[in-house]
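Structural features, examined
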Amino acid sequence: KTEIAPSSSGDQPGKIARVSDHGIEVGTSDGRIVVTQLQPEGKKRMAAKSFLAGRKINPGDEWVSSETPNPKLERGICQGP
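What comes next concerns the included structure. Within any chain, residue numbers begin from 1 and follow the written order of that chain's sequence. Local features in a predicted model are, by the rule used here, given only for residues with pLDDT of at least 70; side-chain atom pairs are given and counted only at 80 or more, and totals for whole chains, interfaces and linings are based on all residues. Side-chain metrics rest on all non-hydrogen atoms present in the structure, leaving aside hydrogens and water.

Re the pairing of strand β4 (residues 31–35)
For a regular strand, the rule is simple: side chains alternate between the two faces of the sheet. Each residue gets one of three labels from its accessible area relative to the maximum for its type: buried under 20%, exposed over 50%, partly exposed in between, using a 1.4 Å probe on protein chains only. Secondary structure elements are taken from DSSP: a helix is a run of H or I of four residues or more, a strand is a run of E of two residues or more, and numbering for both begins at the N terminus. Counting buried positions over the five residues of β4 gives four, a clear majority of the element. By the bridge criterion, four bridges tie strand β1 (residues 2–5) to β4 in an arrangement that is antiparallel. Note that in β4 the partner of Ile 4 across the bridge is Ile 33. With five bridges joining them, strand β3 (residues 24–28) and β4 adopt antiparallel strand pairing. Note: two strands are recorded as paired if DSSP finds a minimum of 2 bridges between them.

Points about the environment of Ala 47
For Ala 47, the position within the fold is in strand β6 (residues 46–47). In the structure, Ala 47 is positioned 24 residues away from Gly 23 in sequence and 7.9 Å away in space, judged by C-alpha atoms. By definition in these notes, contact holds between two residues if any of their heavy atoms fall within 4.5 Å. If sequence neighbours within four positions are ignored, Ala 47 has contacts with Thr 36 and Gln 37.

Observations concerning the sheet that holds β1
Strands sit in the order β1-β4-β3-β2 across an open sheet of four strands; the sheet is antiparallel. Each of the sheet's edge strands pairs with one partner strand only, and the pair in question is β1 and β2 (16–19). When strand polarity is set aside, the average angle formed by the axes of neighbouring strands in this sheet is 25°. Only the stretch in contact is used when a helix axis is fitted, and all axes are lines through C-alpha atoms; the angle between N-to-C directions ranges over 0 to 180 degrees.

A word on the nonpolar core
Here the nonpolar core consists of buried residues drawn from Ala, Val, Leu, Ile, Met, Phe, Trp, Tyr and Cys, with membership extended through side-chain atoms lying within 4.5 Å. One finds Ile 16, Ile 24, Val 26, Val 35, Leu 38, Phe 51, Leu 52 and Ile 57 forming the largest nonpolar core, which totals eight residues. Beyond its immediate sequence surroundings of up to four residues, Leu 52 is in contact with Val 19, Ser 20, Ile 24 and Ile 57.

Here's the deal with the environment of Asp 11
Inspection of the secondary structure puts Asp 11 in the loop between β1 and β2. As a C-alpha pair, Asp 11 and Thr 28 span 17 residues in sequence and 7.4 Å in three-dimensional space. Sequence-distant contacts of Asp 11, that is, excluding residues within four places in its chain, are made with Ala 17, Gly 27, Gly 31 and Arg 32.

With respect to the side chain of Arg 32
Turning to its location among the elements, Arg 32 is positioned in strand β4. According to the relative accessible area criterion, Arg 32 is buried, its value standing at 14%. Polar contact criterion, stated in full: a pair of N or O atoms within 3.5 Å, where within protein one must be able to donate a hydrogen and the other to accept it, and residues adjacent in sequence count only if both atoms are side-chain atoms. Within the structure, the side chain of Arg 32 is placed 2.6 Å from the side chain of Glu 25, a separation counted as a polar contact. Setting aside residues no more than four positions away along its own chain, Arg 32 makes contact with Glu 3, Ile 4, Ala 5, Pro 6, Ser 7, Ser 8, Asp 11, Ala 17, Arg 18, Glu 25, Val 26 and Gly 27.

Here is the structure:
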């Protein structure tokens, strides 16, 4: 589940802009989206806060879809710079 958020001049498409208990803000070419709920592969849908409890995600990391596998990532969610 996502929401629209105001963009910032430094936003880059596909890059994590901000992380909070409310969600993961990701830059797009038209602003930001806030991922408030997600469903990791093979798991139930969960709030961003629950998802973040077990993972280290930082502003500047790249948002990577599960369709773009990377052996360094757990389930292809994001990767650091």
